[in-house]
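If you want the building blocks of each chain, they are given just below.
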Amino acid sequence: MKIPFIKILFLLGTLLISYLKCYPTSIDSLIKTINLSNKNLATLQQLFNVAEAYENISSDSAVRYYQLCIILSDELFERATEQNEQNNAYIIKGKALKNMGIIYVIKSNYKLAMEHFFHSLRVFSLIKNLNGQSDLFRYIGIVYFYQSNYDMALKYYKYSMNFAMAARDSILLSNAYANIGIIHHSKGNYEKAMEFYVKQMKLLDKTNNIKGLSACYVNIANLYKDQKHYTQAIAYYKKAVVLKEQLKDAYGIANIYNNLGITYSKLPDYNQAISYYFKAIALYESIGAKQGLYACYNNLGSLYNLLGNYRKSYEYFLKAKNIADKLGITEGDLFYFLGRAYTHLFLSDSLNNYNDRKKYLQVAIKYAKKLNQKAQEQNSYQHLQDGYKILYLAYKRLKQFDKAVQYNDSLNYINEKYVSEEIAKVVTEIQTKYETEKKQLLIEKLDKENKVKQLTIEKGNILQKRQQMIIYFISTVLLIVTLSAVLLIRWQLKLKKANNLLKIQKAQIEEKN
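Basis of the calculations
- Residues numbered from 1 in each chain as written.
- Predicted model: local features only at pLDDT ≥ 70, side-chain atom pairs only at ≥ 80, totals over all residues.
- Heavy atoms only, no water.
- Helix = DSSP H or I, 4+ residues; strand = E, 2+ residues; numbered from the N terminus.
- Buried < 20%, exposed > 50% of the residue type's maximum accessible area, 1.4 Å probe, protein only.
- Contact = heavy atoms within 4.5 Å.
- Areas by Shrake-Rupley, 256 points an atom, 1.4 Å probe, with all protein chains shown as cover.
- Phe/Tyr/Trp six-rings, centres within 6.5 Å; stacked < 30°, edge-to-face > 60°.
- Lys NZ or Arg CZ within 6 Å of the ring centre and 35° of its normal.
- Expected span 1.5 Å × (residues − 1).
- Salt bridge = Lys/Arg side-chain N within 4 Å of Asp/Glu carboxyl O.
- Patch = residues over 30% accessible without salt bridge, like charges linked within 9 Å, V, L, I, M, F, W, Y side chains within 5 Å.
- Core = buried A, V, L, I, M, F, W, Y, C linked by side-chain atoms within 4.5 Å.

J.: Talk me through the overall build of the protein; I want residue IDs and the actual numbers.
T.: Helices and strands together make up the secondary structure of the protein, namely 20 helices and zero strands. Here the protein, with 513 residues, has 40% of them falling under the buried criterion. In the protein, of all internal contacts separated by at least 6 residues, the share reaching a separation of at least 24 is 54%. On the protein, roughly 30000 Å² of surface is accessible, and the fraction owed to carbon and sulfur atoms is 55%.

Structure follows, in structure tokens:
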């Protein structure tokens with residue numbers, strides 16, 4: 001398919017307008033190397049490099065350059081006289097389509113993302129590129145995962161795994177194992193999740209992939225944490241830190257410190273939790289990671305609230321609130337509601353004027369109700385407890401005791417319900433474990449019985465073969481004896497006949513004499 005040269009020039013002109021508005025020196029140098037009069041693989045690769053460089057600066061410009069790559073790769077594919085040239089052109093086309101899909105995923109435009117991923121998959125299928133197909137199956141699975149369609153995500157992750165095995169690509173296989181593990185983790189299938197995390201860990205250990213192994217350790221730690229096996233979770237988080245330090249991944253280390261703070265608070269070991277939160281904060285501040293600081297401040301606010309140190313709790317929720325305002329975090333965030341509610345509740349304590357205090361308490365009530373609404377939607381008991389507690393305290397400060405009692409009753413009810421459900425979960429886990437062990441014992445018993453039956457059958461077969469061999473031997477011996485007897489009798493008869501003949505001849509000779 002021939003693409004008019006004017007179309008390429010038009011796209012390049014559109015890109016140059018964006019380029020003139022805002023561009024870094026590195027992209028400037030990349031663009032200067034492009035010479036569209038030479039339509040070859042080198043030019044195609046240069047266009048692809050520019051598109052990649054634009055991804056973190058202007059996604060629209062990146063998309064336009066990727067479109068240019070697709071046009072040129074189609075032309076090179078049509079012109080190519082050798083299979084290798086066609087493959088090289090379409091590998092870049094497939095990558096361009098994949099990267100465009102990733103851009104649309106980031107923009108949450110999943111429909112366009114899927115269109116580009118499936119188009120890329122068709123390109124890699126056409127040239128029989130197993131690695132490319134494995135990668136695209138994984139990205140399609142990721143989109144389904146983001147849409148909470150876990151069954152479809154798992155289906156495509158398994159396709160990715162199978163193609164990675166066929167391609168013998170350890171990195172793609174490792175990614176597929178991780179994704180499948182995460183799906184099972186999300187669905188609460190902890191044993192299956194651990195099975196695939198361990199597969200990934202063994203594979204990464206063999207290939208000495210430190211970056212992948214550190215991420216794998218974090219996944220295993222998160223799984224243990226969700227299973228309330230906090231000691232094991234801490235051990236794997238610390239293993240991950242060692243590898244992250246080798247990689248000099250400050251952001252990754254800070255995230256693990258934050259997770260260690262959460263895990264120690266569950267043990268509970270509050271001093272260690274606070275220590276790790278502060279370690280995380282120091283690293284987040286050093287690299288300017290505002291989102292990480294926001295999460296850490298909220299965690300500290302929640303921990304100090306749990307400890308009854310409301311002043312400290314207010315201090316950190318206020319810090320989180322300030323960052324949230326700068327980042328433009330919307331009201332959909334539970335921590336945002338929680339921070340706002342606690343901040344206004346404790347600010348009211350510092351005011352002497354009743355009307356001013358009332359205004360702050362009313363704001364606290366507004367955000368506590370929003371917190372409860374969102375917590376109910378997400379089935380978050382912890383945030384429901386926080387919401388009812390704030391409402392109880394706010395109405396108590398307003399001396400509206402009927403409402404204070406109402407929300408205190410709600411708080412007690414939700415606490416009892418939470419405890420009952422936790423007990424039910426424990427009972428269910430014990431029953432599940434018992435049933436699993438029972439099934440395992442039954443399987444082992446059946447295996448043993450089958451082995452005994454198999455041995456009995458084998459023993460019977462051996463005895464049968466022995467008997468057959470004895471019969472064959474005896475039959476052979478009898479046959480030999482019979483044949484020997486027949487031959488002997490025949491020989492005796494011949495001998496007797498010969499003797500008789502000799503006697504007759506002798507008699508005839510005597511008569512002649």
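J.: Could you give an account of the packing of aromatic side chains, naming the residues involved and the relevant values?
T.: The full count for this structure, using the stated rule, is 27 aromatic pairs. Measuring from ring centre to ring centre gives 5.8 Å for tyrosine 217 and tyrosine 236, while their planes differ by 55 degrees; the resulting arrangement is tilted. Of this pair, tyrosine 217 sits in helix α11 (residues 210-226) while tyrosine 236 is found in helix α12 (residues 230-247), placing the two residues 19 residues apart along the sequence. Tyrosine 236 shares its class with tyrosine 217; the two are buried. Over the ring of tyrosine 257 we find lysine 279, and its NZ or CZ is 5.7 Å from the ring centre.

J.: An account of helix α19 (residues 381-397) is needed here, citing residue identities and associated values.
T.: For α19, with 17 residues, the first-to-last C-alpha span of 24 Å sits near the 24 Å given by 1.5 Å per residue. Residues of α19 that are buried include every one of Tyr381, His383, Leu384, Asp386, Gly387, Tyr388, Ile390, Leu391, Leu393, Ala394 and Tyr395, and no others.

J.: Please provide a residue-by-residue account of the pattern of salt bridges, values included.
T.: The tally for this structure, following the rule as stated, stands at 14 salt bridges. Measuring nitrogen to oxygen at the nearest pair gives 3.3 Å for the salt bridge that ties glutamate 75 to lysine 39. Pair noted here: glutamate 75 is in helix α4 (residues 59-79) and lysine 39 is in the loop between α2 (25-32) and α3 (41-54), with a separation of 36 residues, a long-range link. For the pair formed by glutamate 75 and lysine 39, the shared burial category is buried.

J.: Before we move on, can you summarise a nonpolar patch on the surface with the specific residues and values?
T.: Taken together, the side chains of Ile470, Phe473, Ile474 and Leu478 make up a nonpolar region of the molecular surface, amounting to roughly 420 Å² of accessible area. Looking at where isoleucine 474 falls in the secondary structure, it is placed in helix α20 (residues 401-512). A relative accessible area of 44% means that isoleucine 474 is categorised as partly exposed.

J.: Describe the environment of glutamine 133, listing the residues and the values that go with them.
T.: Counting through the fold element by element, glutamine 133 comes out in helix α7 (residues 130-146). Classification of glutamine 133 by relative accessible area gives buried; the value is 9%. With 13 residues separating them in the primary sequence, glutamine 133 and serine 120 have C-alpha atoms 8.4 Å apart. Sequence-distant contacts of glutamine 133, defined by excluding residues within four places in its chain, comprise Leu121, Phe124, Ser125, Lys128 and Phe163.

J.: Requested: an account of the nonpolar core, with residues and values cited.
T.: Membership of the largest hydrophobic core comes to 76 residues, with the highest contact counts inside it found for Ile220, Leu260 and Leu345. Among residues more than four places away in sequence, those in contact with leucine 345 are Leu361, Ala364, Ile390, Leu393, Ala394 and Arg397. Membership of the second largest hydrophobic core comes to 53 residues, among which are Phe77, Phe137, Ala176 and Tyr177.

J.: Which residues make up the side chain of asparagine 179, and what are the values?
T.: With respect to the helices, strands and loops of the structure, asparagine 179 is situated in helix α9 (residues 170-186). The residues touching asparagine 179, leaving out its near neighbours within four places in the chain, are Arg138 and Tyr157.

J.: Go over the side chain of asparagine 258 with me, naming the residues and quoting the values.
T.: Tracing the sequence through the fold places asparagine 258 in helix α13 (residues 250-266). Since its relative accessible area comes to 9%, asparagine 258 is described here as buried. In this view, asparagine 258 contacts Tyr277, Ala280, Tyr284, Ala295, Cys296 and Asn299; residues no more than four positions away in its chain are not counted.

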